[in-house]
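Examining the three-dimensional arrangement
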Amino acid sequence: MPEALKLIGLIMIGLSGVLTSIKILASSDEDVGHTEALIELVSSLRSKIEVLCIPIPDILSATDPQIFVNCGYTSDDLPKNAEDLISKCKLKEDAELYKLFSEFVFSLGRGYKSEELSRCDLITEELKRILSRRKEERTKRKKTVPAICLSVSACIIILLI
């Protein structure tokens, strides 16, 4: 009986290494997804600013709700004005994106059309740089994280045997 319990414990340690690597890789994929969603949101806002020339709350209400959901907003509580874009934002864990996006949002509606469009272009370029960097990091992590997690699990199993 003690040998069976020991075997079960070793299997659980091995599985914890696998699950840890899956969780870490999922968070990396989530970072890339949030960045892509923000690029889509800024592009949508830019096109509406360029074409519609209406106040920001009207632009937000004319934006496809799925774009907001992809950015991490809940479908029940979509942003209605520029302040809601930040206060209801789920990016607070990602300091880099949150800082960049909040600076962009607080500048919305505070300038001429040409200034708004150039700000949208600048933020899109910065987000694309962040996206390419995160994709590179994700590729590197996909190679190293499983190896590290499984190696640590294997070391613990060897120590316990």
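In this report, we go over the structure that sits alongside the text. (Residues numbered from 1 in each chain as written. Predicted model: local features only at pLDDT ≥ 70, side-chain atom pairs only at ≥ 80, totals over all residues. Heavy atoms only, no water.)

Here we look at the nonpolar core
Our working rule: Nonpolar cores were defined as sets of buried Ala, Val, Leu, Ile, Met, Phe, Trp, Tyr and Cys residues, with membership established by side-chain atoms within 4.5 Å. Using a 1.4 Å probe on the protein chains alone, a residue whose accessible area is under 20% of its type maximum counts as buried, one over 50% counts as exposed, and one in between counts as partly exposed. Counting from the N terminus, the helices are the DSSP runs of H or I reaching at least four residues and the strands are the DSSP runs of E reaching at least two.
Core analysis: the biggest nonpolar cluster contains 31 residues, and Leu 41, Leu 85, Phe 101, Phe 104 and Leu 127 have the highest contact counts within it. Put simply, the parts of the chain that give this core at least two residues each are α1 (2-52), α2 (56-62), α3 (65-70), α4 (82-87), α5 (95-107) and α6 (113-160). At eight residues, the largest contribution of residues to this core is made by α1.

Observations regarding a nonpolar patch on the surface
Operational definition: For patch detection, residues must exceed 30% relative accessible area and be free of salt bridges, and they are connected within 9 Å for like charges or within 5 Å for nonpolar side chains (Val, Leu, Ile, Met, Phe, Trp, Tyr). Accessible surface area values rest on a Shrake-Rupley calculation with a 1.4 Å probe, where residue burial reflects the displayed protein chains alone. By definition, a salt bridge exists where a carboxyl oxygen of Asp or Glu is found within 4 Å of a side-chain nitrogen of Lys or Arg.
Together, Val 18, Leu 19, Ile 22 and Leu 150 make up an exposed nonpolar region whose accessible area comes to about 350 Å². A total of three residues in the nonpolar patch trace back to one element, the largest contributor, which is α1. Checked against the element boundaries, Ile 22 lands in helix α1.

Some details on α5
The periodicity of an α-helix, 3.6 residues per turn, causes residues three or four places apart in sequence to face the same way. Just so we agree on the cut-off: Expected span of a helix, by definition, is 1.5 Å for each gap between consecutive residues, and there is one gap fewer than residues. Only heavy atoms enter the contact rule, under which two residues are in contact if any of them lie within 4.5 Å.
Given a rise of 1.5 Å per residue, 13 residues ought to cover 18 Å, and the 18 Å separating the end C-alpha atoms of α5 matches this to within 8%. Of all the positions in α5, only Leu 97, Leu 100, Phe 101, Ser 102, Phe 104, Val 105 and Ser 107 are classed as buried. Buried residues along α5 sit against α1, α4 and α6. Note on α5: the residue one or two positions beyond its end, Gly 109, has a positive phi of about 75°.

So, the packing of aromatic side chains
Two measures describe an aromatic ring pair: the distance that separates the ring centres and the angle between the ring planes. For the record, the criterion: Aromatic rings from Phe, Tyr and Trp, with only the six-membered ring used for Trp, were paired whenever their centres fell within 6.5 Å, and each pair was classed as stacked if the ring planes differed by under 30 degrees, edge-to-face if by over 60, and tilted otherwise.
Tallied over the full model, the rule gives one aromatic pair. Taking 6.3 Å as the distance between ring centres and 35° as the angle between the ring planes, the aromatic pair formed by Phe 101 and Phe 104 counts as tilted. Of this pair, Phe 101 and Phe 104 both sit in helix α5, three residues apart, which is roughly one turn of the helix. Of the two residues, Phe 101 and Phe 104, both sit in the buried class.

What to know about α1
Taking 1.5 Å per residue as the helical rise, α1 with its 51 residues ought to reach 75 Å, and the 73 Å between its terminal C-alpha atoms agrees with that figure. Positive phi appears at Cys 53, one or two residues downstream of α1, with a value of about 50°.

Any functional reading would require information that these geometric values do not contain.
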